[in-house]
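Descriptive analysis of the structure
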There are 2 protein chains.
Amino acid sequence: MLLSKAKIAEMPKRYRAAFVNSLSGFKSANLIGTTDSKGQNNLSIVSSVVHLGSDPALMGFIVRPPVVPRHSYENIIETGFFTINHVNQSIQKQAHQTSARYLKEESEFDKAGLTAGWVDDFIAPYVKESNLSMGMSLEQDVAIEANGTCLIIGRVEWVMLDQKWMGEDGFVNLVDAGTSAISGLDAYHQAVEPIRFTYAKPDRELQVIK
Amino acid sequence: MLLSKAKIAEMPKRYRAAFVNSLSGFKSANLIGTTDSKGQNNLSIVSSVVHLGSDPALMGFIVRPPVVPRHSYENIIETGFFTINHVNQSIQKQAHQTSARYLKEESEFDKAGLTAGWVDDFIAPYVKESNLSMGMSLEQDVAIEANGTCLIIGRVEWVMLDQKWMGEDGFVNLVDAGTSAISGLDAYHQAVEPIRFTYAKPDRELQVIK
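Residues numbered from 1 in each chain as written. Chains lettered and ligands numbered in written order. Predicted model: local features only at pLDDT ≥ 70, side-chain atom pairs only at ≥ 80, totals over all residues. Heavy atoms only, no water.

1. Considerations on the pairing of strand β6 (residues 57-63) of chain A
For a regular strand, side chains alternate in direction, first toward one face of the sheet and then toward the other. Residues and elements named next belong to chain A. Of all seven residues in β6, seven are buried, a share of seventy percent or more. Judged by which residues are buried, β6 turns out to be covered on both faces: Ala57, Met59, Phe61 and Val63 on one side and Leu58, Gly60 and Ile62 on the other are all buried. The sheet contact formed by strand β5 (residues 50-54) and β6 spans four bridges and is antiparallel. Paired with Ser54 across the two strands is Ala57, which belongs to β6. With antiparallel pairing between neighbouring strands as the criterion, β5 and β6 make up a hairpin whose turn holds two residues. The sheet contact formed by β6 and strand β11 (residues 149-161) spans six bridges and is antiparallel. Along β11, the bridge assignment pairs Gly60 with Ile153. (Buried < 20%, exposed > 50% of the residue type's maximum accessible area, 1.4 Å probe, protein only. Helix = DSSP H or I, 4+ residues; strand = E, 2+ residues; numbered from the N terminus. Pairing = 2+ DSSP bridges.)

2. Observations regarding helix α3 (residues 70-79) of chain B
Residue and element names in this part refer to chain B. Every buried residue of α3 is listed here: His71, Ser72, Tyr73, Asn75, Ile76 and Thr79. Of the surrounding secondary structure, the elements contacted by the buried residues of α3 are β3 (30-35), β4 (41-46), β6 (57-63), β7 (81-86), β10 (132-144) and β11 (149-161). Immediately downstream of α3, the backbone of Gly80 shows phi near 85 degrees, a positive value. (Contact = heavy atoms within 4.5 Å.)

3. Remarks on the relation of the copies chain B and chain A
Structural alignment of chain B on chain A gives an RMSD of 0.0 Å, achieved by rotating through 180 degrees and translating 0.0 Å along the axis. Expressed as a symmetry operation, the mapping of one chain copy onto the other fits a two-fold axis. When each C-alpha of chain B is compared by its distance to the rotation axis, B:Ala191 comes out closest, at 2.1 Å. Both copies present the same face, since 100% of the interface residues in chain B are matched by interface residues at the equivalent positions in chain A. (Least-squares fit on C-alpha atoms with pLDDT ≥ 70 in both.)

4. Side note on the side chain of B:Asn41
Residues and elements named next belong to chain B. For Asn41, the location among the structural elements is in strand β4. By relative accessible area, Asn41 is classed as buried at 12%. Reaching out from Asn41, the side chain makes a polar contact with the side chain of Thr35 at a distance of 3.0 Å. When near neighbours in sequence (up to four residues on either side) are disregarded, Asn41 contacts Thr34, Thr35, Glu106, Ser107, Glu108, Phe109, Ala116, Trp118 and Pro125. (Polar contact = N/O pair within 3.5 Å; in protein donor to acceptor, adjacent residues only side chain to side chain.)

5. Overview of the pattern of salt bridges
Within this structure, the stated rule accounts for 18 salt bridges over all chains. Linking B:Arg16 and A:Asp55 is a salt bridge whose minimum nitrogen-to-oxygen distance equals 3.2 Å. With B:Arg16 in helix α2 (residues 13-22) and A:Asp55 in the loop between β5 and β6, this pair bridges two chains. For A:Asp55, a relative accessible area of 55% corresponds to the exposed category. Three or more residues joined by partner-sharing salt bridges are found here, namely A:Asp169, A:Arg196 and B:Asp186. (Salt bridge = Lys/Arg side-chain N within 4 Å of Asp/Glu carboxyl O.)

6. Side note on the interface of chain B and chain A
Every contact between the two is made by 100 residues of chain B and, on the other side, 100 residues of chain A. Between chain B and chain A the total buried area reaches about 8,700 Å² when both faces are included, carbon and sulfur atoms providing 62% of it. Across the contact surface, chain B and chain A share 46 residue pairs in polar contact (both at pLDDT 80 or more). Here the element with the most residues in the side of chain B that touches chain A is β11(B); it accounts for ten residues. Of the residues belonging to the side of chain B that touches chain A, the class tally is 51 nonpolar, 29 polar and 20 charged. Note that strand β14 (residues 195-197) of chain A and strand β13 (residues 187-189) of chain B share two bridges and pair antiparallel. Of the residues in β13(B), the one forming a bridge with A:Arg196 is B:Ala187. (Buried area = accessible area lost by both parts, 1.4 Å probe. Nonpolar A, V, L, I, M, F, W, Y, C, P; charged D, E, K, R; others polar.)

7. Some remarks on the sheet that holds β14(A)
Strand order in this open sheet of five strands is β15(A)-β14(A)-β13(B)-β12(B)-β2(B), and the pairing throughout is antiparallel. Strand pairing shows two members of the sheet lacking a second neighbour, β15 (208-209) of chain A together with β2 (27-28) of chain B, which therefore form its edges. Summarising the sheet, β2(B) and strand β12 (residues 181-183) of chain B pair through two bridges and their orientation is antiparallel. From the neighbouring strand, B:Ser28 faces β12(B), where its bridge partner is B:Ala181.

8. Looking at the confidence of the model for chain A
Close inspection of predicted coordinates is inappropriate in any region flagged by low pLDDT. Mean pLDDT over chain A works out to 95, with 98% of the residues at or above the 70 mark. Scoring the predicted complex yields pTM 0.97 and, for the interface, ipTM 0.97. (pLDDT = per-residue confidence, 0-100.)

9. Side note on the environment of A:Arg204
Following the sequence through the fold, A:Arg204 ends up in the loop between β14 and β15. Judged by its relative accessible area of 44%, A:Arg204 is partly exposed. Those residues in contact with A:Arg204 that lie beyond four places of it in its chain are A:Tyr199 and B:Gln97. A polar side-chain atom of A:Arg204 sits 3.1 Å from the main-chain carbonyl oxygen of A:Tyr199.

10. Section: the sheet that holds strand β14 (residues 195-197) of chain B
Hydrogen bonds along the backbone pair up the strands of a sheet, which may run parallel or antiparallel. Across the sheet, five strands lie side by side as β2(A)-β12(A)-β13(A)-β14(B)-β15(B); this open sheet has antiparallel pairing. Looking at which strands have only one partner, the edges of the open sheet turn out to be β2 (27-28) of chain A together with β15 (208-209) of chain B.

Here's what the structure looks like:
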């Protein structure tokens, strides 16, 4: 079936949102932890965290101010710090609940039933129930003129994870860590053990990494 | 285990790349199809396609010129068009092979063993073996100062997929479509059937969508 831009524009709003959100493929499932200067915490699920570079280690995610996750955005601009926390199978429901529009003086940690933790004097809270958390410092707030969204870019300050998930080559086994993937607006998946391939070069047959 | 920024900076280069590439969670697996003004085709795997908005339907992905996928980037700037094609289980190896550094006059379609197709007079080729393809027009090329990468933003011009994967509410079942996810630099996953939750509101219990 071939759907034109015009057909997509004619779709009812919620139908189109569900459809277009499915098109990019599987998405990362992360909770963004922030606080404001008065210590009011905020937690917000995002499916747009993207790897930007390894040296320095940079990640970004998309926000659409002033819509949700507006409080997260305000807190990041105010304090300069946030955390990224992997969603796993046992906290999928709590993670999804953070997408509800709570008031600024309400903490999604409390409302959704997740626990805030702190690493040393890093100001932004992480999610204790997450199996992989990162502390991030704001590096750049990129305005995207195309539709009024922003790409928030952060630098990795610390990573917390169980060493048993790390392979000899630095690869982290996200299946063992129980990390979830998202598709569409509201679907949470577990993944099966991967097939890994060797570094690709012209005229050399790829091998499967055992 | 808590790894500091300093510890990550000390990692050997390939180890760090494998590690940091694992941290954002599961990533989308897509092939970017392009051509130049002389009809020389190019195909490049990317794991950074991200949803930017549904109305208009916008997607973006990260490129690091002048590194791979340099030819894709040049072609998009030259012609203004590209395609995004989901990787599925049966073409994972071919998809990974497109990351080898071929010459500009070599087509990764031929080298990796994938078939180029065209929709009407849309200039950029799509991947016939893909189960979900999109035609994209270049909307914006956003320079990311933080590390010299670019976010290429495209507008969805058309979508090709099998209608049987589309639900009544617009959700596309990517498990049925066989779409792959990526973790790290080189790991290709299938996902299991998801759990879907209803739209989250404060003080209302989430329900599982059947």
